[in-house]
Amino acid sequence: MKVLIYLRADELAPCGGPLGVGFYYNEEIKKNNNSNIQFLPAKRINDTRNTAKKYVKKLPKSLYRLQHDLREIFFLKKLFRGRVKPAHDIDLNEYDIIHFHEAKDLFIEKDRLKNYRGKIIFQSHTPLPSGMEKCSDYSKLYSIFIRDLKNKMLSVDRYAFLSADYIVFPCPEAEEPYIDNWREYKRIKEEKASSFRYVLTGIKPCYAKRTPIDVREELNISLSNFIISYVGRHNYVKGYDKFKKIGLRFINENENNWVVVAGRPGLINSPQNNRWIEIGWTNDAHSYIASSDLFVLPNRVTYFDLVMLEVLSLGVIVVASRTGGNKFFERENVPGVFLYNTEDDAILLINKINNMSLEERKVLGNKNKEFFLKHLTLDCMYNQYIKLLDQIYRDCNA
């Protein structure tokens, strides 16, 4: 069996999304001396282009953004016309399986894939179809230059899903945002029901750099006070506006209740309250999470949020919205994960946990960590992935 993961080896990095998953697969591949799985070759260095990039980065912010948008618009127009060529010359038929992680890559390769004799895997990594998600971030400039932009973007997603032999998600619950927001998805799901496979995302265990005592001393919060924490972007999709309401109700109930938040400020402003502490961006978020009594994950739309995995690995209790991938943990009966439908439900759950003894809360936190170590590590993800590849290869040669 020979497998190509359609990601550039030189672009892999320990981050979210395709390049992060690829990075961790590569770590496990090297650890297991698995030469059957390969990545795309590194991009050739272009000294002229690199020099140009250095000058572009020195532009004023508004001009830098404009040149970025115009470059992206130019790329999209070429993409929709089928004029973007693959940035490599490898023979795809050397591989029994090709694993794509981005819809646009499948779309770029569509002509060469007509003669491809192996099997294609497509794995989505975004909480919405990638075209739909990108359109929400694009400025009005994109729609001025590209007519019917959203439908054209979704046509790329449609091609990827319909042309793949196998479609991979972390779990069935992670498909919920697609079902709810993309009208075509139900038809695709029905048409290709036998093509869907599931590989749980895995991450490295997380560790706090400092003890809860040290963190609470820094924040001037007593060990006897109850802290709820939040880490992430302050935006609508992440449910930060809902978290604001929950958090304010919580701290107004009792002077021993505190809220600690980490992450860059966004369009939704944070409350002005002495017991609501905003850390801002930090490279030590895990210490703040570990020093809290529970973590709130209030997403409006949930795919399979990596912060949930991080919190579980730290052995902290979670109160989360009953959406998407969060429902997986309810299905698996993870003892220290509590889901809610309304803000009132969330407050009831937080108060229920607040009224538990320290020992009861410790047991729930430890159960979360046990579940993480059993199901959500890099080893677990890699082993599931290898089983999937083996099964696909057997099916091909049956």
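Now for a look at the structure at hand. Each chain carries its own residue numbering, running from 1 in the direction its sequence is written. The predicted origin of the model limits local features to residues at a pLDDT of at least 70 and limits the giving and counting of side-chain atom pairs to 80 or more, whereas totals for whole chains, interfaces and linings rest on all residues. By convention in this description, side-chain values take in all heavy atoms of the structure and omit both hydrogens and water.

1. Considering the sheet that holds strand β9 (residues 276-280)
Here comes step 1: When DSSP finds two or more bridges between a pair of strands, those strands are recorded as paired. Under the scheme used here, helices are H or I runs from DSSP no shorter than 4 residues and strands are E runs no shorter than 2 residues, and both carry numbers assigned from the N terminus. Reading across the sheet, the 6 strands line up as β9-β8-β7-β10-β11-β12 and stay open at both edges, with parallel pairing between neighbours. The open sheet terminates on both sides in strands that have one partner only, identified here as β9 and β12 (337-340). Pairwise comparison of adjacent strand axes, ignoring direction, gives a mean angle of 25° for this sheet.
Here comes step 2: Pairing between strand β10 (residues 294-297) and strand β11 (residues 317-321): 4 bridges, direction parallel. Axes, fitted as lines to C-alpha atoms, cover a helix only where it is in contact. Angles between the N-to-C directions of the axes lie from 0 to 180 degrees.

2. Here's the deal with the sheet that holds strand β3 (residues 97-100)
Here comes step 1: What the 6 strands build is an open sheet, ordered β2-β1-β3-β4-β5-β6; its pairing is parallel. Looking at which strands have only one partner, the edges of the open sheet turn out to be β2 (37-40) and β6 (196-198). Ignoring which end each strand starts from, the neighbouring axes of this sheet average 30° apart.
Here comes step 2: Bridging between strand β1 (residues 3-8) and β2 involves 4 bridges; their strand directions are parallel. Its bridge partner being in β2, L4 is matched across the sheet by Q38.

3. Focus on the packing of helix α6 (residues 130-137) against helix α8 (residues 149-163)
Here comes step 1: Where α6 contacts α8, the two axes come as close as 7 Å, and the packing angle between them is 150°. The orientation of α6 with respect to α8, classified from their angle, is roughly antiparallel. Across the interface between the two elements, S130, G131, M132, K134 and C135 from α6 touch L149, K150, M153, L154 and D157 from α8.
Here comes step 2: We call Asp, Glu, Lys and Arg charged. Ala, Val, Leu, Ile, Met, Phe, Trp, Tyr, Cys and Pro are nonpolar, and the rest, Gly among them, are polar. Partitioning the contact of α6 with α8 into residue classes produces 5 nonpolar, 2 polar and 3 charged. Just so you know how the angles are binned, under 35 degrees is roughly parallel, over 145 roughly antiparallel, 65 to 115 roughly perpendicular, and the rest oblique. In what follows, a contact means two residues having at least one pair of non-hydrogen atoms within 4.5 Å.

4. Brief notes about helix α18 (residues 378-396)
Here comes step 1: For α18, built from 19 residues, the straight-helix expectation of 27 Å at 1.5 Å per residue is met to within 8% by its first-to-last C-alpha distance of 27 Å.
Here comes step 2: Those residues of α18 not exposed but buried are L378, C380, M381, Y382, Y385, I386, L388, L389 and I392. By this rule the span expected of a helix is its residue count minus one, scaled by 1.5 Å. Relative accessibility under 20% of the residue-type maximum defines a buried residue, over 50% an exposed one, and the middle range a partly exposed one, all with a 1.4 Å probe and only protein chains included.

5. Looking at unusual backbone geometry
Here comes step 1: Residues other than glycine seldom take positive phi values, yet N220 does so here, at roughly 60°.
Here comes step 2: Within the secondary structure, N220 is located in the loop between α11 (212-219) and β7 (226-231).
Here comes step 3: A relative accessible area of 65% places N220 in the exposed class.

6. Section: the pairing of β12
Here comes step 1: Residues V337 and L339 line one face of β12 and the alternating positions F338 and Y340 line the opposite face, and both faces are buried.
Here comes step 2: Two elements, β11 and β12, share 4 bridges in a ladder whose sense is parallel. Residue pairing for β12: V318 is matched across the bridge by V337.
Here comes step 3: Handedness of the β11-helix α15 (residues 326-331)-β12 crossover: right-handed. We call a crossover right-handed when, viewed with the strands running away from us, the connection from the first strand over the helix to the second turns clockwise.

7. Side note on the nonpolar core
Here comes step 1: Note on terminology: a nonpolar core comprises buried Ala, Val, Leu, Ile, Met, Phe, Trp, Tyr and Cys residues joined through side-chain atoms within 4.5 Å. The biggest cluster of nonpolar side chains holds 70 residues, and the ones touching the most others in it are F161, F169, F304, M308, F329 and L376.
Here comes step 2: It is α8 that contributes the most residues to this core, 6 residues altogether.
Here comes step 3: Setting aside chain neighbours within four positions, we find F169 in contact with S124, F161, A174, E175, Y178, Y185, F196, R197, Y198, V199 and Y303.
Here comes step 4: Listed in part, the 25 residues of the second largest apolar core include I228, I251, L294 and L349.

8. So, the pattern of salt bridges
Where charged atoms of side chains with opposite charge meet at close range, the side chains can pair.
Here comes step 1: The term salt bridge refers to a pairing of a side-chain nitrogen on Lys or Arg with a carboxyl oxygen on Asp or Glu at a separation within 4 Å. Counted according to the given criterion, the structure contains 23 salt bridges.
Here comes step 2: Across the salt bridge formed by D69 and R65, the nearest N and O atoms sit 3.4 Å from each other. Of this pair, D69 and R65 both sit in helix α3 (residues 61-80), separated by 4 residues, roughly a single helical turn.
Here comes step 3: It is possible to trace a salt-bridge network through shared partners that takes in R158, E184, R187 and E191.

9. Some thoughts on the side chain of D284
Here comes step 1: Position of D284 among the secondary structure elements: in the loop between β9 and α13 (285-290).
Here comes step 2: Setting aside residues up to four positions removed in sequence, D284 forms contacts with K209 and R210.

10. What to know about the pairing of β10
Here comes step 1: Neither face of β10 is left uncovered, since the one carrying L294 and V296 and the one carrying F295 and L297 both have all their residues buried.
Here comes step 2: Relative to β10, β7 is paired through 2 bridges, and the arrangement is parallel. Residue pairing across strands places I228 opposite L294, the latter belonging to β10.
Here comes step 3: Traced from β10 through helix α14 (residues 306-313) to β11, the parallel crossover comes out right-handed.

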